[in-house]
Structures are given as C-alpha cells and as structure tokens.
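# Examination of the molecular architecture
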Amino acid sequence: MSKEKVISMSEDKGTNSNYCDCGNKLSYQSEWSRLSDSYDSNTPSYDLIYQRIYKEDREPKYVCDKCGTRVFVVPDYALK
C-alpha cells in the first residue's frame, strides 16, 4: 500500500527539485496535467482546479518510483 502526502502549492518546487522523504526524486504524473487541462476554462481559479483534482479525481501530482508515495498538491489555505 502506498503512502500519501499532501503539500501546499507554495511547497511545490516543480519537477526538478521535489524529493520524497526517502530521498528519491518524485516523478511528475502527466495524467495530472491532462485533468488540469480538461477543466472548463471558465473555472474562476487554479485553486478550484487543484481542489477538484485532489478531492474528486484523487490524482497525485507526483509519485515516488522508489517507495510509491503519492504526493497531492492543494492550495495553501486548504492545509490550515
């Protein structure tokens, strides 16, 4: 069973510098981009898109190839 981790948008350093707690580099999930692009362009903010991908689609933005940790990214206020 894979572990899950939720980070805020401000903690998301992009595909080149995100590392898992195990020390392995996280792999960006192209399915996440497809979902992001599929939402109606009239969606008022990226915050809502991030929330939908997390809550409705349950698609992680990154996955660790070594330990299987799934990393979800949500708006900063969602973690407070």
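Below is a short write-up of the structure. Only a predicted model underlies this, so the values are computations on that prediction, with no experimental measurement involved.

Cut-offs used in this document
Residues numbered from 1 in each chain as written. Predicted model: local features only at pLDDT ≥ 70, side-chain atom pairs only at ≥ 80, totals over all residues. Heavy atoms only, no water. Core = buried A, V, L, I, M, F, W, Y, C linked by side-chain atoms within 4.5 Å. Buried < 20%, exposed > 50% of the residue type's maximum accessible area, 1.4 Å probe, protein only. Helix = DSSP H or I, 4+ residues; strand = E, 2+ residues; numbered from the N terminus. Contact = heavy atoms within 4.5 Å. Arc of directions from axis to C-beta. Axes fitted to C-alpha atoms, helices over the stretch in contact; angles between N-to-C directions. Parallel < 35°, antiparallel > 145°, perpendicular 65-115°, else oblique. Left-handed = near helix turned anticlockwise from the far one by under 90°. Nonpolar A, V, L, I, M, F, W, Y, C, P; charged D, E, K, R; others polar.

As a further point, take the nonpolar core. Residues Leu26, Ile53, Tyr62, Val71 and Val73 are the most contacted members of the largest nonpolar core, which totals 13 residues. By residue number, the principal contributor to this core is helix 2 (residues 46–57), which donates three residues. Residues contacting Ile53, with those up to four places away along its chain left out, are Trp32, Leu35, Ser36, Tyr39, Arg58 and Glu59.

With that settled, consider the side chain of Thr69. Relative to the elements of secondary structure, Thr69 occurs in the loop between strand 3 (62–64) and strand 4 (70–74). With near-sequence residues (within four places) excluded, Thr69 lies in contact with Lys3, Lys5, Cys20, Tyr62, Val63 and Cys64.

With that out of the way, let us pick up helix 1 (residues 30–38). Among the residues of helix 1, those classed as buried are Trp32, Leu35 and Ser36. Burial along helix 1 is one-sided: seen end-on, the buried residues are contained in an arc of 100°. Turned more than 90 degrees off the buried face of helix 1, the exposed positions are Ser30 and Asp37.

This part is about the packing of helix 1 against helix 2. At a minimum axis distance of 10 Å, the contact between helix 1 and helix 2 shows a crossing angle of 120°. Classified by the interaxial angle, the pair formed by helix 1 and helix 2 is oblique. Seen from above, helix 1 lies across helix 2 with right-handed handedness. In this structure, helix 1 contributes Trp32, Leu35 and Ser36 to the contact, and helix 2 contributes Ile49, Tyr50, Ile53 and Asp57. Considered class by class, the residues forming the contact of helix 1 with helix 2 number five nonpolar, one polar and one charged.

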